[in-house]
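Overview (structure and organization)
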Amino acid sequence: MFESYFPAAHVKSVFNIDYAKLYSLGIRGIIFDIDNTLVHHGDDATEEIEELFKKIHAANIKTVLLSDNSEERVKRFVRNIDTPYVYSAKKPACEGYERAFELLGTEKDNTIAVGDRIFIDIVGANSFGIRSVLVDYIRLKRFEWCGFKRILEKMILIIFHISRKPAKIDLG
Ligand SMILES: [Mg+2]
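So, here's what we can say about the structure. Numbering of residues starts from 1 in every chain and runs along the sequence as written. Thresholds applied to this predicted model are a pLDDT of at least 70 for local features of residues and 80 or more for the giving and counting of side-chain atom pairs; totals over whole chains, interfaces and linings are not thresholded and use all residues. In computing side-chain properties, one takes all heavy atoms of the structure into account and sets aside hydrogens as well as water.

What follows deals with a nonpolar patch on the surface. On the surface, Phe148, Ile151, Leu152 and Met155 cluster together into a nonpolar patch covering about 380 Å² of accessible area. In this text, helices come from DSSP runs of H or I with a minimum length of four residues, and strands from runs of E with a minimum of two, each type numbered from the N-terminal end. Along the chain, leucine 152 turns up in helix α6 (residues 148-162). To count toward a patch, a residue needs a relative accessible area above 30% and no salt bridge. Like charges then connect within 9 Å, nonpolar side chains (Val, Leu, Ile, Met, Phe, Trp, Tyr) within 5 Å. Accessible surface is estimated by sampling points in the Shrake-Rupley manner with a 1.4 Å probe; for residues, cover comes only from the protein chains shown. Any carboxyl oxygen of Asp or Glu within 4 Å of a side-chain nitrogen of Lys or Arg constitutes a salt bridge here.

Structure representation (structure tokens):
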């Protein structure tokens, strides 16, 4: 009953993914969410993130950013990153994923989506028919009220780990 909310895998952050291994497993494209997945909401790209994209591209994996945020925000983020992007994507609707796929030129079975929101990134990828990877969302050190949906997502994640079937994709 929770299948449409389950990711193919859950990792702590985008830095905990072995991208060379992903390539060896046949992955050729990654659709990344930006806010709270790559950087804290609204932040510019960090040097570490810029280096990460170079590393992913060096592993021969294509990337595209898929964000619900505005063109201005996404353009500012992507300033020093060589990747195409889709803004105002309206995830989890499929249209944004279709636009991302046109930019990637990959197939559904060799592409994954990476994001921090179960109800947005994971549900969107699942309904579009690609595997998804959930990362823990980036939050500031100071206390932040995380919201009711975050609590629901946490509960679904617990159910995901309890009912864990063999991983659909091995990222570590
Ligand atoms: Mg996000």
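Only N, O and S atoms count as donors, using a 2.8 Å cut-off from the metal and 3.2 Å for Na, K and Ca, and because water is excluded some sites may appear unfinished. Around the magnesium ion, the donor atoms from the protein are Asp33 (OD), Asp35 (O) and Asp116 (OD), and they sit 2.1 to 2.2 Å away. Expressed as a motif, the donor residue spacing for the magnesium ion is D-x1-D-x80-D. With aspartate 33 in the loop between β2 (29-32) and α2 (47-58) and aspartate 116 in the loop between β5 (111-115) and α5 (118-128), this residue pair connects regions lying 83 residues apart in the sequence. Just as aspartate 33 is buried, aspartate 116 falls in that class too. Only protein chains enter the area calculation, which uses a 1.4 Å probe; residues under 20% of their type maximum are buried, those over 50% are exposed, and those in between are partly exposed.

Ring geometry is summarised as follows: Phe, Tyr and Trp rings, the Trp one being its six-membered ring, pair when their centres sit within 6.5 Å, and such pairs are stacked at plane angles under 30 degrees, edge-to-face over 60 and tilted between the two. Applying the stated criterion across every chain, the model contains seven aromatic pairs. Both rings, one in tyrosine 97 and one in phenylalanine 128, keep their centres 5.6 Å apart while their planes meet at 25 degrees; by these two values the pair is stacked. Within this pair, whereas tyrosine 97 is found in helix α4 (residues 94-104), its partner phenylalanine 128 is found in helix α5, the two being separated by 31 residues in sequence. Residue class for tyrosine 97 comes out buried when judged on its relative accessible area of 1%. On the accessibility criterion, phenylalanine 128 (8% relative accessible area) is buried. Taken together, a centroid distance of 5.4 Å and an interplanar angle of 50 degrees make the contact between phenylalanine 101 and phenylalanine 128 tilted. On the criterion of sequence distance, the pair formed by phenylalanine 101 in helix α4 and phenylalanine 128 in helix α5 is long-range, its members being 27 residues apart. Through a chain of ring-to-ring contacts, three or more aromatic side chains come together here, namely Phe2, Phe6 and Phe160. In this scheme, Lys NZ or Arg CZ marks a charge over a ring once it lies within 6 Å of the ring centre and within 35 degrees of the ring normal. A cation over an aromatic ring shows up here: arginine 28 above the ring of tyrosine 23, its NZ or CZ 3.6 Å from the ring centre. Above the plane of the ring of tyrosine 137 lies arginine 150, whose end atom (NZ or CZ) is 3.7 Å from the centre.

As far as function goes, none of this settles anything; it's purely spatial.
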